Amino acid sequence: MKNTLISILVLFLMVTCKPIKQQEISVTPAEIGKRKLAKFEPKEGVLLFVGQELEAVGGLEKYNDGYLDHFDKPAGWTTYTNINPGEYSFYRRQRGLDGLWETHDWGDNDYNAMLQHTDPDYSNMALAIGLQFVNHEKRVADGTHDKYIDKLGDFLISLGNRPVFLRIAYEFDGPWNHYDRKSIIAAYKHIVDKLRARGVNNTAYVWQSAGTMAPDQKHLEKWYPGDDYVDWLGFSFFNGWKKQKMIEFARFKGKPVFIAEATPTSSDLVWDPKENQGITKEMQLSNPSQAQMAWDEWFLPFFNTINTNLDVVKAVHYINCHWDSHPMWLQNPTFKKIDARLQLSDTISRRWRERTSRAPFILSSEELYDKLYNNK
């Protein structure tokens, strides 16, 4: 009788405890599928963006050897601007919001977002804008630079229904930006509040980490401006891609991920104490052996990261840049030996087309805007 009671008790515990263990699982695929979609987040698939300057994107009369001149039109393109009037960049004095209405080169070749916006080749494409204000975060936060935010609002409204992804203080935790943490959080929120009050409704707000500086989730949480101010989370995918913590953080926050900057780079295991990182390998896609190395050491991990995280990775930006021809990058430890123009390699071009011409990638289409506004 005693053995029978023990057997019954053991059976009871086995039956009743099993559901408890299942309840302890914090996130399941079903729960991920039920999260609310963010602004402009496709229900399924990955938006393909290409950037970053006029030369790299192409599709224009003067700039006619870029991505748009060799590949199918992507879902969007990327440009950059600033709110740091008076700062010098490679002998050029910044005015603030440079490269939006007029052509400007601050050491990274020409930028002119309005030139692209008004060109037919850029129809049915979303726009991602990288906005930096290094050394000016306090003046952005306290309202000193409000006139620039207002002008930025005017620019965004002038784009009509073109979907925009605004990456405010991109790579906020990169030491090269040396942003003050408390000020940059306040500045980010102030920009969002001002643009919303101005009636900007064609813009999603992206919070982008450098991707390699976060040792854990606590680091990201300390910089986070809050769920109400962030539509998308982002990070950069360069040679330190293995260190990124943003995908895990995104699942915790229930937000989609924009791999907001990505270009083929790979580092040797030999550590460079001066640069505090591995020595970046030369990668010229025009060189067949280096192109193959780039494919093995960067492209395949890039595509694998996307394909194994389709629940949250919903947009990517490939930088089709001739890095080592631009003054800004000639001495940069990551990009000084890189030419990432896909069209220089027949092998890389063929593989890229094969990958990006089918699911999960989303390219330009006449229905793109409607799908983004309605999370289709």
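As shown above, the structure is provided for reference.
As a convention, each chain's residues are numbered from 1 in the sequence order in which they are written. pLDDT decides what is reported in this predicted model: residues at 70 or higher carry local features, side-chain atom pairs at 80 or more are listed and counted, and totals for whole chains, interfaces and linings draw on all residues regardless. With hydrogens and water excluded, all non-hydrogen atoms of the structure serve as input to the side-chain values.

Caption draft 1: Up close: the overall build of the protein chain. Secondary structure assignment for the protein chain yields 12 helices and 15 strands. Burial statistics for the protein chain: of 376 residues in total, 55% are counted as buried. Long-range pairs, those at least 24 residues apart, make up 76% of the contacts in the protein chain between residues at least 6 apart in sequence. Here, Shrake-Rupley sampling with a 1.4 Å probe gives the accessible areas, and only protein chains in the shown set may cover a residue. A total of about 17,400 Å² of accessible surface is found on the protein chain, and carbon and sulfur atoms cover 52% of it. Strands are runs of DSSP state E lasting at least 2 residues, helices are runs of H or I lasting at least 4, and numbering of each runs from the N terminus. Note on classification: 1.4 Å probe, protein chains only; a residue is buried when its accessible area is under 20% of the maximum for its type, exposed when over 50%, partly exposed between these limits. Contacts are assigned to residue pairs that have any heavy atoms within 4.5 Å of one another.

Caption draft 2: Looking closely at the environment of S365. Checked against the element boundaries, S365 lands in the loop between β15 (361–362) and α12 (368–373). On the basis of relative accessible area, S365 is assigned to the partly exposed category, the value being 22%.

Caption draft 3: Region of interest: the packing of aromatic side chains. The aromatic pairing rule takes the rings of Phe, Tyr and Trp, using the six-membered ring of Trp, and pairs them if the centres are within 6.5 Å, calling planes under 30 degrees apart stacked, those over 60 edge-to-face and the rest tilted. Overall, the coordinates contain 38 aromatic pairs when judged by the stated rule. Judged by centre distance (5.8 Å) and plane angle (55 degrees), the ring pair of F133 and Y179 falls under tilted. Taken together, the positions of F133 in the loop between β5 (126–132) and α5 (137–141) and Y179 in the loop between β6 (164–168) and α7 (181–197) put the pair 46 residues apart, joining distant regions of the chain. When the centroid spacing of 4.8 Å and the interplanar angle of 15 degrees are considered together, the rings of W298 and F302 count as stacked. You can see W298 and its partner F302 sitting in helix α10 (residues 288–307), 4 residues apart, about one turn around the helix. We classify W298 as buried; its relative accessible area is 0%. You can call F302 buried: its relative accessible area is 0%. In textbook terms, an aromatic cluster arises when at least three aromatic residues are bridged by ring pairs, as seen for F235, F237, W241, W295, W298, F299, F302, F303, Y318, W352 and F361. A ring has a charge above it when a Lys NZ or an Arg CZ is no more than 6 Å from the ring centre and no more than 35 degrees off the ring normal. One cation-aromatic arrangement involves R196 over Y229; the distance from NZ or CZ to the ring centre is 5.8 Å.

Caption draft 4: Spotlight on the pattern of salt bridges. Basic side-chain nitrogens of Lys or Arg form a salt bridge, by our definition, when they fall within 4 Å of a carboxyl oxygen of Asp or Glu. Under the definition given, this model contains 15 salt bridges. A salt bridge links R92 to D98, with the shortest nitrogen-to-oxygen separation between them at 2.8 Å. Residue classification places R92 among the buried positions, given a relative accessible area of 14%. What you see here is one network of salt bridges that share partners, running through D146, D150, D154, K194 and R198.

Caption draft 5: Spatial organisation of the pairing of β5. Counting buried residues in β5 gives 7 out of 7 residues, a clear majority hidden from the surface. Residues of β5 alternate between two faces, with A126, A128, G130 and Q132 on one and L127, I129 and L131 on the opposite face, all of them buried.

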